[in-house]
Amino acid sequence: MKHSISMTVNGKEYSGEVEPRVLLVHFIRDHLGLTGTHIGCDTTQCGACTILMDGAAIKSCTVFAVQAEGAQITTIEGMASNGELHPLQEGFHEEHGLQCGFCTPGMIMTSVELLNQNPNPTEAEIRHGLEGNYCRCTGYHNIVKAVQYAASKQA
Amino acid sequence: MIPYSFDYKVADSLEEAFSLLSEAGENGALLAGGHTLIPAMKLRLSEPDTVIDISKISDLNQITKDGDILVVGALTNHATVARSGDVMTYCRSLGEAAGVIGDPQVRNKGTIGGNIAHADPASDYPGVLLSLNATVVAKSDSGSRSIAIDDFFTALFETALTEGEIITEIQIPVLGEGTGSAYIKFPNPASRYAVVGVGVVITLTDGKCTACRIGITGAADHAFRASVTEEVLLGSDLSTDDIEAACQHAAEGQELLSDLAASANYRVHLCSVMVKRAINIAVERAIG
């Protein structure tokens, strides 16, 4: 049986009809057309599907869309405003924090919460904070520098 | 997408959850944070016909102090436990364990009640809760009962819970003066689950060990207490030699797991090393 759901995504109201078995990441990508949120492993490990749900970074492959009824969702598409990149997006650009870019949306969304909790993290705290996000290209070094860039820009 | 269809119901209260659970019968499953249930459903290890979402029952999502007991609601997520000032002050090792479960995103969703109900043998909470002498409160439409943590984990993915029961809270005695606690783990390098995880609570009175509880997770098919080590430590001065001798018995009487991460023999070794390290941290904290 389908359920009616509505949620706020990147400041806009969305609603839809979904079966309970639809995962939030599929709702975001297939129903809303917001394909910036990626599906990597589909097993709660790689973090490519990370979004913010009511301010907390979560893996949207491990949440049913029906669970997000009434929630405030932010995806990578909601990061830039008025044509200006978010400091984290700018950091990944400036510090060459990506190669293929597949993991980048998830890295950025996890880093948003990381910097909200701890605006001035040490290198070790950044690495620990990104434990749930895999990158198979960069070796993480420039990703850490990108987060440091954003932290100093937001300071 | 999950490969098969199922019904989804939301319970706004515990009473509603009981009635939905009884309607669903044995093919109903409770959904809290979903970080055990949903992965299991993807693999068809779990195929409930009805998923009952209890995550919105706000009474079960709080940490309070009731006299000498810290009460952690079953729906409290790991991130909240790890960041709680009350947990840090009164039951430090609980926060330590919560902070090393999975990764930040997992800690934002997974709940303490869901975690222990699942009873994964490599999960962090069972070890630390055994050491903290916790009590699990479970309710059903026929009443409420308290289950001592020593009786809670019974076998691989098995607990003392019976059909129709829902964990509502975990009660933990506040650690008193002269008592220190610690939780550390040797994580699987890929999954970060505990190959061996150790919780220790130790009390010192006039330089002697007057109380001690040690819980070990990850090593066997369910978490267990290092009873022989506890007995050897009781009444000792906790000298380096005392601790060294006691730790050799950490896995005594247990049948340990053997898998890709570690052989049973290696786990025996890890148990003694990790117990020793955890005792040293707890003793340091007990002395303050």
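Quick caveat: nothing in here was measured; it's all calculated off a predicted structure. (Residues numbered from 1 in each chain as written. Chains lettered and ligands numbered in written order. Predicted model: local features only at pLDDT ≥ 70, side-chain atom pairs only at ≥ 80, totals over all residues. Heavy atoms only, no water.)

Examining the overall build of chain A
1) Next: Per the secondary structure count, chain A includes five helices and five strands.
2) Next: Put simply, chain A runs from its N terminus to its C terminus through helices and strands in the order β-β-α-β-β-β-α-α-α-α.
3) Next: At 15 Å, chain A has a C-alpha radius of gyration in line with the 15 Å of a compact globule built from 155 residues.
4) Next: When the backbone C-alpha atoms are referred to their principal axes, chain A occupies close to 50 × 30 × 25 Å. (Helix = DSSP H or I, 4+ residues; strand = E, 2+ residues; numbered from the N terminus. Rg over C-alpha atoms; globule rule 2.2 N^0.38 Å.)

As for the pairing of strand β4 (residues 63-66) of chain B
Residues and elements named next belong to chain B.
1) Next: Both β4 and strand β5 (residues 69-73) contribute to a ladder of four bridges, which runs antiparallel. Following the sheet pairing, K65 is matched in β5 by L70.
2) Next: Here β4 hands over to β5 after two residues, with G67 in that stretch at a positive phi of 60 degrees. (Pairing = 2+ DSSP bridges.)

Describing the interface of chain A and chain B
Size of an interface: often given as the accessible area lost when the parts come together.
1) Next: With 33 residues of chain A in contact, the opposing surface of chain B contributes 31 residues.
2) Next: Summed over both partners, the interface of chain A with chain B comes to about 2,400 Å²; 55% of that surface belongs to carbon and sulfur atoms.
3) Next: When the buried area of chain A at its contact with chain B is split by residue, R21, F64 and Q67 of chain A rank highest and sum to 28% of it.
4) Next: For the pair chain A and chain B, the number of links is four salt bridges.
5) Next: Between R192 of chain B and E131 of chain A there is a salt bridge, and its shortest N-O distance comes to 3.8 Å.
6) Next: Across the contact surface, chain A and chain B share 10 residue pairs in polar contact (both at pLDDT 80 or more).
7) Next: The greatest single-element share of the side of chain A that touches chain B, amounting to four residues, is contributed by strand β4 (residues 56-59) of chain A. (Contact = heavy atoms within 4.5 Å. Buried area = accessible area lost by both parts, 1.4 Å probe. Salt bridge = Lys/Arg side-chain N within 4 Å of Asp/Glu carboxyl O. Polar contact = N/O pair within 3.5 Å; in protein donor to acceptor, adjacent residues only side chain to side chain.)

Describing empty space enclosed by the protein
Residue and element names in this part refer to chain A.
1) Next: Tallied over the entire structure, the rule returns one cavity of 30 Å³ or more.
2) Next: The space that makes up the largest cavity amounts to roughly 40 Å³.
3) Next: As for the largest cavity, its lining consists of I39, G40, C41, D42, T44, Q45, C46, G47, C49, K59 and C61.
4) Next: Broken down by class, the residue content of the lining of the largest cavity amounts to five nonpolar, four polar and two charged. (1 Å grid on protein atoms, 1.4 Å probe; cavity = no way out; pocket = protein on both sides within 12 Å on 5 of 7 lines; lining within 4 Å. Points joined across faces, edges and corners; volume = space filled by probe spheres on them. Nonpolar A, V, L, I, M, F, W, Y, C, P; charged D, E, K, R; others polar.)

Observations regarding the pattern of salt bridges
1) Next: The final tally for this structure, using the stated rule, is 18 salt bridges over all chains.
2) Next: A cluster of three or more residues bridged by salt bridges with shared partners is formed by D150, R213, R225 and E230 of chain B.

Concerning the domain arrangement of chain A
Residues and elements named next belong to chain A.
1) Next: Parsing chain A into structural domains produces domain 1 (3-78) and domain 2 (87-154).
2) Next: Taken together, the contacts link 18 residues of domain 1 with 13 residues of domain 2.
3) Next: Buried surface at the junction of domain 1 and domain 2, both sides included, amounts to about 1,200 Å², of which 62% is carbon and sulfur.
4) Next: The tally of links between domain 1 and domain 2 comes to five residue pairs in polar contact (both at pLDDT 80 or more).
5) Next: Going through the elements one at a time, β3 (50-53) and β4 are the ones with two or more residues in the side of domain 1 that touches domain 2.
6) Next: Residues that form the side of domain 1 that touches domain 2 fall into these classes: eight nonpolar, nine polar and one charged. (Domains from an automatic or database assignment.)

With respect to the nonpolar core
1) Next: In this structure, M7, L24, F27, M53, F64 and I73 of chain A together with M41 of chain B are the most contacted members of the largest nonpolar core, which totals 35 residues.
2) Next: Mapped onto this core, the elements with two or more residues apiece are β1 (3-9), β2 (12-18), α1 (24-31) and β3 of chain A together with β2 (28-31) and α2 (37-42) of chain B.
3) Next: At four residues, the largest contribution of residues to this core is made by α1 of chain A.
4) Next: Once residues within four sequence positions are removed from consideration, F64 of chain A is found in contact with P20, R21, V22, L23 and L24 of chain A together with I2, F6, L31, I38 and M41 of chain B.
5) Next: Grouped together as the second largest cluster of nonpolar side chains are 34 residues, A182, L204, A226 and A250 of chain B included. (Core = buried A, V, L, I, M, F, W, Y, C linked by side-chain atoms within 4.5 Å. Buried < 20%, exposed > 50% of the residue type's maximum accessible area, 1.4 Å probe, protein only.)

Re unusual backbone geometry
Both trends apply: most residues other than glycine have a negative phi, and most peptide bonds are in trans.
Residue and element names in this part refer to chain B.
1) Next: Its identity is not glycine, yet N133 carries a phi of approximately 55 degrees, on the positive side.
2) Next: For F157, which is not a glycine, the phi torsion comes out positive at approximately 55 degrees.
3) Next: Inspection of the secondary structure assignment puts F157 in the loop between β8 (153-155) and β9 (158-159).

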